[in-house]
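What the coordinates show
Below, each chain spelled out in residue letters.
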Amino acid sequence: MNVASPCTGVCRMNPATGWCEGCLRTLEEIASWSRASNAEKRRVLLALAARRQATETLQ
């Protein structure tokens, strides 16, 4: 089963973090998503969860 993209359609890069404000991925993660294996995609999703927690803590 393919891992769905976390893209939310809000595509703005935050210059302070280097993350997309919508999905929290880096430009490298966004660019490589289509050719990444499902295991690699799951690793990115885990990183996004940690980033989300970090940003929620700062707010």
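Higher on the page you've got the structure.
So, a few notes on the structure that sits alongside this text. Worth saying up front: this structure is predicted, and the values here are computed from it rather than measured.

**A word on the pattern of salt bridges**
Scanning the model with the defined rule gives two salt bridges in all. The partner of Arg12 in a salt bridge is Glu21, with the nearest N and O atoms 3.1 Å apart. The class of Arg12 is partly exposed, set by a relative accessible area of 49%. On the basis of relative accessibility, which here comes to 40%, the residue Glu21 falls in the partly exposed class. A salt bridge links Glu29 to Arg51; the nearest nitrogen and oxygen atoms lie 2.7 Å apart. With Glu29 in helix α1 (residues 27-32) and Arg51 in helix α2 (residues 38-58), this residue pair connects regions lying 22 residues apart in the sequence.

**Description of a nonpolar patch on the surface**
On the surface, a cluster of nonpolar side chains totalling about 250 Å² of accessible area is made up of Met13, Leu27 and Ile30. As for its placement among the helices and strands, Leu27 is situated in helix α1.

**Remarks on unusual backbone geometry**
Phi is positive for Leu24, close to 70°, though the residue is something other than glycine. Of note, Leu24 is situated in the segment before α1. Taking the relative accessible area as the measure of exposure, Leu24 reaches 12% and is therefore buried.

**Notes on the environment of Val44**
Along the chain, Val44 falls in helix α2. In this structure Val44 comes out as buried when scored by relative accessible area, which is 15%. With 38 residues separating them in the primary sequence, Val44 and Pro6 have C-alpha atoms 9.6 Å apart.

So, how was this worked out
- Residues numbered from 1 in each chain as written.
- Predicted model: local features only at pLDDT ≥ 70, side-chain atom pairs only at ≥ 80, totals over all residues.
- Heavy atoms only, no water.
- Salt bridge = Lys/Arg side-chain N within 4 Å of Asp/Glu carboxyl O.
- Buried < 20%, exposed > 50% of the residue type's maximum accessible area, 1.4 Å probe, protein only.
- Helix = DSSP H or I, 4+ residues; strand = E, 2+ residues; numbered from the N terminus.
- Patch = residues over 30% accessible without salt bridge, like charges linked within 9 Å, V, L, I, M, F, W, Y side chains within 5 Å.
- Areas by Shrake-Rupley, 256 points an atom, 1.4 Å probe, with all protein chains shown as cover.

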